[in-house]
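Report on the structure
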Amino acid sequence: MNPENSETYINHPTWGLLYRICMVDDNQELFTTLYAQRLFFLVTNDTKGLKFKPIGRTEARMLLENRLRSLRRAGHPREYDSLHSIFQRTFQ
């Protein structure tokens, strides 16, 4: 998928434009609605295409916190700082 610091948008069939928050796992990324940032989706990309799984704010926050911990442990300060900024804007 995309590097942690690139901006990515995709179009959801119902909710319109979604903004990529971060990679969660291989072939999985966390997205939110572009303007309100109140609806979150775990997007999986596989051979059949994109799959959108709506998730709650608490689960999205947990996934983002796990990604931050992973970046910190792996020694990626630039990506960590960028994602931490997104975390603060989104959840605080």
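The structure under discussion appears in the preceding block.
My aim in this report is to walk through the structure given alongside it, one point at a time. Note that the structure is predicted; figures quoted are calculated from it, not measured.

Notes on the pattern of salt bridges
If you walk through the whole model with that rule in mind, you get 3 salt bridges. When the shortest N-O distance is used, the salt bridge between Glu29 and Arg20 registers 2.6 Å. Arg20 carries the same exposure label as Glu29, and that label is buried. Notably, a salt bridge pairs Asp46 with Lys51, separated by 3.1 Å at the nearest N-O pair. On the accessibility criterion, Lys51 (42% relative accessible area) is partly exposed.

Overview of the environment of Leu39
Positionally, Leu39 belongs in the loop between β3 (28-33) and β4 (40-46). Separated by 21 residues in the primary sequence, Leu39 and Leu18 have C-alpha atoms spaced 9.3 Å apart. Excluding its chain neighbours within four sequence positions, the residues that come into contact with Leu39 are Trp15, Phe31, Thr32 and Thr33.

Regarding the packing of aromatic side chains
This model, assessed by the stated rule, comprises 4 aromatic pairs. Measuring from ring centre to ring centre gives 5.5 Å for Phe40 and Phe91, while their planes differ by 15°; the resulting arrangement is stacked. Of this pair, Phe40 sits in strand β4 while Phe91 sits in helix α2 (residues 77-91), and the two are 51 residues apart along the sequence. By relative accessible area, Phe40 is classed as buried at 1%. Taken together through their ring pairs, the aromatic side chains of Phe40, Phe87 and Phe91 make up a single cluster.

What about empty space enclosed by the protein?
According to the stated counting rule, one finds 1 cavity of 30 Å³ or more in the structure shown. Space inside the largest cavity adds up to approximately 30 Å³. Forming the walls of the largest cavity are Tyr19, Ile21, Thr32, Gln37, Ile86, Arg89 and Thr90. Those elements giving two or more residues to the lining of the largest cavity turn out to be β2 (16-25) and α2. Looking at which element gives the most residues to the lining of the largest cavity, the answer is α2, with 3 residues.

Some remarks on the environment of Lys53
Among the structural elements, Lys53 can be located in strand β5 (residues 49-55). Sequence separation between Lys53 and Leu42 is 11 residues, and the spatial gap between their C-alpha atoms is 5.1 Å. Setting aside residues up to four positions removed in sequence, Lys53 forms contacts with Phe40, Phe41, Leu42 and Glu59.

Quick word on the sheet that holds β2
Read across the sheet, 5 strands follow the order β1-β2-β3-β4-β5 without closing on themselves; strand pairing throughout is antiparallel. Each edge of the open sheet carries a strand with a single partner, namely β1 (9-12) and β5. Shown here is a sheet whose adjacent strand axes are inclined to one another by a mean of 40°, direction ignored. In the sheet, β1 pairs with β2 via 4 bridges, with the strands oriented antiparallel.

What counts as what
- Residues numbered from 1 in each chain as written.
- Predicted model: local features only at pLDDT ≥ 70, side-chain atom pairs only at ≥ 80, totals over all residues.
- Heavy atoms only, no water.
- Salt bridge = Lys/Arg side-chain N within 4 Å of Asp/Glu carboxyl O.
- Buried < 20%, exposed > 50% of the residue type's maximum accessible area, 1.4 Å probe, protein only.
- Helix = DSSP H or I, 4+ residues; strand = E, 2+ residues; numbered from the N terminus.
- Contact = heavy atoms within 4.5 Å.
- Phe/Tyr/Trp six-rings, centres within 6.5 Å; stacked < 30°, edge-to-face > 60°.
- 1 Å grid on protein atoms, 1.4 Å probe; cavity = no way out; pocket = protein on both sides within 12 Å on 5 of 7 lines; lining within 4 Å.
- Points joined across faces, edges and corners; volume = space filled by probe spheres on them.
- Pairing = 2+ DSSP bridges.
- Axes fitted to C-alpha atoms, helices over the stretch in contact; angles between N-to-C directions.

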